[in-house]
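Coordinate inspection notes
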Amino acid sequence: MADKFKPDLTYSDVTPKTLYMGRRNFLLGLAATGAAVTAYKRLPGLFAPRATGSVPVPLNGVVQSKYTTTGEKVTPENWVTSYNNYYEFGVEKDDPSKNAKNFVTSPWTVSIEGEVAKPQKLSMDDILKVAPLEERVYRHRCVEAWSIVVPWIGYSFSNIVKLAEPTPKAKYVAFETYYDRKQMPLGSEAGIQLPYREGLRLDEAMNPLTLLCVGMYGETLPNQDGAPVRIVVPWKYGFKSAKSLVKIRFVKSEPETTWDMFTGVNGTPEYGFYANVNPNVDHPRWSQAKERRLGEFLKRPTLMFNGYGDLVASLYAGMDLRKNF
Ligand SMILES: Nc1nc2c(c(=O)[nH]1)N[C@H]1C(S)=C(S)[C@@H](COP(=O)(O)O)O[C@H]1N2
Ligand SMILES: [Mo]
């Protein structure tokens, strides 16, 4: 790929980063700057220092992706890390940033299982070697009508699918995320079934936009944003983008998910399996026509498929998107 490379360290980053990276790792980071893809192949691990799971560290060798399709202003990182949902750490928007500080994400294992020729367990180092890391700026729209624009880092999830070699029986992918009552004591009060479960149809999972995500804003993921590895599905409501992934299971039929098992305040299901961003189909309790971009005052119109229709609309040809919401 002849894309431009984005250095992982810019001059303005240098001072704060030296403080927590330590001199050796800092120099390693500098050495990798500009060497990008070749460095990606040579570096023993892409984490500058080994991630402790408490402080994000720069990711080296990240290339710009052709799937950055929005020229919209990136949301200030501060908003993205301090206003979000991660119910295992509490249900208020400022809970995850406060309560996930000491979440231990190293070592980490992601298990690939089910209808595959190659079931396997991957460490984070394995995951970082599957494909070159790309930076992709995506719109991200929560079902609760707020949105953000984030420079994620990762690669197409299709790379994982290829690694797993699904059998012809595999039609869906089920995701399961980490749950430990000791580290996540507020999870039991969240009112949803944990561990958090999500899923995609196999063709949705194969769509190049579906991202296996290991970082954002040039660094590994902060705990509250799903460290150390998560899914990002930009044309669907945010709840499909499961954080802190531990299991990827290829299955024959549509898997149960945390949010389609959830019966809302009226005792009826409020969230469908598809969850495609759709300004024309309201949530039972609020309109989806507009959204508030975090940090902005005026609401903006919500876009069909969150603006990714040219790449994903064909997945739903002939489907009634009101029924399959
Ligand atoms: N494990 C887990 N993943 C999760 C959630 C959660 O509560 N637990 N919340 C989801 C919701 S509702 C949203 S909007 C996004 C938010 O992602 P962000 O914090 O990176 O913005 O994460 C999704 N992934
Ligand atoms: Mo959400």
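**Re the overall build of the chain**
When you go through the chain residue by residue, the secondary structure sums to ten helices and 13 strands. Across the 325 residues in the chain, those meeting the buried criterion constitute 55%. For the chain, the proportion of contacts with a sequence separation of at least 24, taken over those separated by at least 6, is 72%. For the chain, the exposed surface amounts to about 14,500 Å²; the carbon and sulfur share of it is 55%.

**Considerations on the site of ligand 1**
With respect to spatial proximity, 18 residues lie near ligand 1, and among them Y87, E88, R230, S241 and K243 are the closest. A distance of 3.3 Å is found between an oxygen atom of ligand 1 and a side-chain nitrogen or oxygen belonging to H140. In the model, an oxygen atom of ligand 1 is placed 2.6 Å from a nitrogen or oxygen of the R230 side chain. Surface burial for ligand 1 is 99%, taken as the share of its 530 Å² of free accessible area covered by protein chains.

**A closer look at the nonpolar core**
Grouped together as the largest cluster of nonpolar side chains are 81 residues, with contacts concentrated most on F157, I248 and F250. Broken down by element, the residue count for this core peaks at six residues, all from strand 5 (residues 146–156). Ignoring sequence-local partners within four residues, the contact set of I248 consists of V110, S111, I112, E113, F157, I160, V173, A174 and F175.

**As for the pattern of salt bridges**
On inspection of all chains with the given rule, the structure shows 16 salt bridges. With a closest N to O distance of 3.0 Å, E113 and R249 form a salt bridge. Here E113, found in strand 2 (residues 109–114), pairs with R249, found in strand 11 (residues 245–251); they are 136 residues apart in sequence, far enough to count as distant. R201 serves as the salt-bridge partner of D203, at 2.8 Å between the closest nitrogen and oxygen. Judged by relative accessible area, D203 falls into the partly exposed class, the value being 35%. Classification of R201 by relative accessible area gives buried; the value is 13%.

**Focus on the environment of M184**
Inspection of the secondary structure puts M184 in the loop between strand 6 (172–177) and strand 7 (197–201). As a C-alpha pair, M184 and A100 span 84 residues in sequence and 8.2 Å in three-dimensional space. Residues within four places of M184 in sequence aside, it is in contact with Y86, E88, F89, F103, Y178 and Y179.

**Quick word on the sheet that holds strand 11**
The strand order across the open sheet built from five strands is 3-2-11-6-7, with neighbouring strands paired in mixed fashion. Here the strands that pair on one side only, and so sit at the sheet edges, are strand 3 (120–123) and strand 7. Looking at each pair of strands side by side, their axes are set apart by 20 degrees on average, direction ignored.

**Some remarks on the pairing of strand 12 (residues 290–293)**
Every second residue of strand 12 is oriented toward a common face, the buried set being E291 and R293 and the non-buried set K290 and R292. By the bridge criterion, two bridges tie strand 5 to strand 12 in an arrangement that is parallel. Residue pairing in the sheet places W146 in a bridge with R292 of strand 12. Here strand 12 runs beside strand 13 (residues 300–301); their pairing, made up of two bridges, is antiparallel. The residue of strand 13 that forms the bridge with K290 is P301. Linking strand 12 back to strand 13 in an antiparallel pair, the connection comprises six residues, with G295 at a positive phi of about 95 degrees.

**A few points about unusual backbone geometry**
At the junction of L194 and P195, the peptide bond is cis and its omega measures out at 0 degrees in the coordinates. The backbone of S244 sits at a positive phi, close to 50 degrees, despite the residue not being glycine. Among the residues examined, S244 registers a relative accessible area of 0% and is labelled buried. The backbone phi angle of N306 is positive, close to 55 degrees, even though this residue is not glycine. Structurally, the position occupied by N306 is in the loop between strand 13 and helix 10 (309–312).

**A short note on the confidence of the model for the chain**
One rule of thumb: low pLDDT means the predicted coordinates there are not for detailed reading. For the chain, per-residue confidence averages 86 on the pLDDT scale, and 83% of positions sit at 70 or higher. For the stretch residues 47–52, pLDDT sits under 50, and the model shows 17 contacts to residues farther than four places along the chain or on other chains.

**Side note on the packing of aromatic side chains**
Counting across every chain of the model gives 19 aromatic pairs. Geometrically, the ring pair formed by W259 and F262 is edge-to-face, given 5.1 Å between the ring centres and 65 degrees between the ring planes. Centre to centre, the rings of F305 and Y316 are 5.6 Å apart; their planes meet at 15 degrees, and the pair counts as stacked. With F305 in the loop between strand 13 and helix 10 and Y316 in the segment after helix 10, the pair connects residues that are eleven residues apart, well separated along the chain.

**Some thoughts on the pairing of strand 4 (residues 134–141)**
For strand 4, the tally of buried residues reaches eight of eight residues, placing the bulk of the element in the interior. One ladder, built from eight bridges, connects strand 4 with strand 5; its direction is antiparallel. In the sheet register, H140 faces strand 5, and the bridge partner there is I148. Between strand 4 and strand 5, which pair antiparallel and follow one another directly, the connecting turn spans four residues, one of which, A145, has a positive phi of 70 degrees.

What counts as what
- Residues numbered from 1 in each chain as written.
- Chains lettered and ligands numbered in written order.
- Predicted model: local features only at pLDDT ≥ 70, side-chain atom pairs only at ≥ 80, totals over all residues.
- Heavy atoms only, no water.
- Helix = DSSP H or I, 4+ residues; strand = E, 2+ residues; numbered from the N terminus.
- Buried < 20%, exposed > 50% of the residue type's maximum accessible area, 1.4 Å probe, protein only.
- Contact = heavy atoms within 4.5 Å.
- Areas by Shrake-Rupley, 256 points an atom, 1.4 Å probe, with all protein chains shown as cover.
- Near = heavy atom within 4 Å.
- Polar contact = N/O pair within 3.5 Å; in protein donor to acceptor, adjacent residues only side chain to side chain.
- Core = buried A, V, L, I, M, F, W, Y, C linked by side-chain atoms within 4.5 Å.
- Salt bridge = Lys/Arg side-chain N within 4 Å of Asp/Glu carboxyl O.
- Pairing = 2+ DSSP bridges.
- Axes fitted to C-alpha atoms, helices over the stretch in contact; angles between N-to-C directions.
- pLDDT = per-residue confidence, 0-100.
- Phe/Tyr/Trp six-rings, centres within 6.5 Å; stacked < 30°, edge-to-face > 60°.

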